[in-house]
Amino acid sequence: MTACTSITSPVTGATPAVTRTPATPVDFLMQTPKGGVDAVLTKDSIAFTATAGVIEAVDITRADGTPLLTTADASGLVATWKRAPTRWQLSGILGPKSAYRARISGRNADGAAATRSFAFTTNQAPLVQARMNPGDDQVVGVGMPIQIRFSRAVPDRKAVERHLRITTKPAVTGSWGWLEDDTVLWRPKEFWPAKTKVTAALDVTGHHLGKGVFGGTRRSIRFDVGRDLRMTVSDASHSLTVTQGGKQVESFAVSLGKAGHATRSGTKIVYEKATPFTMRGPASDPYVTTVKHAQRITDSGEFLHAAPWSVGAQGRRNVSHGCTNLSPSAAAWLYDQTIPGDPVITTGTGRRAETWNGMGGIWNFTWAQWRQQSAL
């Protein structure tokens, strides 16, 4: 029978220690899409991988040191992570043409910690610029809306409206509304009160406006509403009546659109003025006529203007191509009195003014209909 024995060193009599090889240190890599990092990361995303270990955290900061959030901030920027022990994949929305720094931390099989930093810059993205109307410090009539026209269609209308601000003195109820993807307007529930002071501000710079498009404009305007001057045109009496502050100050004979060219009934505003002005008819009814004291009230070509050739018909019958014809003296007087935004309200022609037709067209929405044009 053989007894159990232990192996000892013949010299010292001690049992030798078992030698253990240390685990390989953890290392990290960053992979970026071909062609660079786009501001919107979808299929082509950024990935961080660990070799000989695991990733415990990836912290991304912008150039100013602020962290990239994992919930959408006011700019619409948001990081979305797809995590695995050895691979973290980033998608979401970053800032265009922006510098970022990523700090990765993790451990190897022995639990030894390590960190590594990477830097990357995103590509430029399509930027939307914007123009605002009225102009800064302008005095306008009581029917003038605020118009913002963008350089391209805006995919996310809600994102734009969240960054629009209106302040008025006195307070005025109103709403934004969209006619096209590139145009948003604000109008009061009713015409502006005379002497209202208005400030409108837009700030979409750096904000994601949907589908990889970013804002590129920060702008504000301040304007004043002037006196309350309105023009009412009646087809029944072939007349144009001018009121100021609710009181009649003048009345003129007019001639409106003849059969087949009826003037539109509804609310319009004066938004362009020129004297002289050359008018050209469509291909179906071509004509070229130069007139004086022309005031545009629709995009489709309706004007208030002097028409000396129709003075005999003014106050009696309609002979124009849709414009409101006045005598030379009446047109000159009216031209001197009006400012952009003064309303022109036409009645009785049997043809309705379109909501898209000219800057005053939106007054032909009811208040309930106009509020539905808002994205919010």
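Shown above is the structure to which this text applies.
Counting of residues starts from 1 at the beginning of each chain's written sequence and follows it residue by residue. A pLDDT threshold of at least 70 governs which residues receive local features in this predicted model, and a stricter bar of 80 or more applies before side-chain atom pairs are shown or counted, although totals over entire chains, interfaces and linings include all residues. Side-chain numbers here rest on the full set of heavy atoms in the structure, without hydrogens or water.

### Concerning the sheet that holds strand β11 (residues 146-150)
Here, a strand pair is defined by DSSP locating no fewer than two bridges between the strands. In this description a helix means any DSSP run of H or I spanning at least four residues, a strand means any run of E spanning at least two, and both kinds are numbered starting from the N terminus. Read from one edge of the open sheet, four strands run β9-β11-β14-β13, paired in antiparallel fashion. The open sheet has two edge strands, β9 (130-133) and β13 (174-180), and neither has a second partner. Here the strands of the sheet are splayed against their neighbours by 20° on average, with no regard to which way each runs. Direction of pairing for β13 relative to strand β14 (residues 183-188): antiparallel, over a ladder of six bridges. Counterpart to Trp 178 in the pairing with β14 is Val 184. Between the N-to-C directions of two axes lies an angle of 0 to 180 degrees, each axis being a line fitted to C-alpha atoms and, for a helix, fitted only over the stretch in contact.

### Re the nonpolar core
The set of buried Ala, Val, Leu, Ile, Met, Phe, Trp, Tyr and Cys residues whose side-chain atoms join them within 4.5 Å is what this entry labels a nonpolar core. When a residue's accessible area, from a 1.4 Å probe over protein chains only, is under 20% of the maximum for its type it is buried; when over 50% it is exposed; and in between it is partly exposed. Ile 146, Ile 148, Phe 150, Trp 192 and Phe 223 are the most contacted members of the largest nonpolar core, which has 33 residues in total. Secondary-structure elements contributing two or more residues to this core are β9, β11, α1 (157-161), β13, β14, β15 (197-203) and β17 (218-225). Dropping the residues within four chain positions of it, Phe 223 is found in contact with Pro 134, Gly 135, Asp 137, Gln 138, Val 140, Ile 146, Trp 192, Thr 196, Lys 197 and Val 198. Counting 22 residues, the second-largest nonpolar core is a separate cluster that includes Phe 28, Ala 79, Leu 90 and Ala 102. The contact definition used throughout considers only heavy atoms, calling two residues in contact when any of these lie within 4.5 Å.

### Examining the pairing of strand β21 (residues 266-269)
Residues Gly 266 and Lys 268 of β21 are buried on one face, and the alternating residues Thr 267 and Ile 269, pointing to the opposite face, are buried as well. Note: β21 against strand β28 (residues 343-347), four bridges, orientation antiparallel. If you follow Gly 266 over to β28, its bridge partner there is Thr 346.

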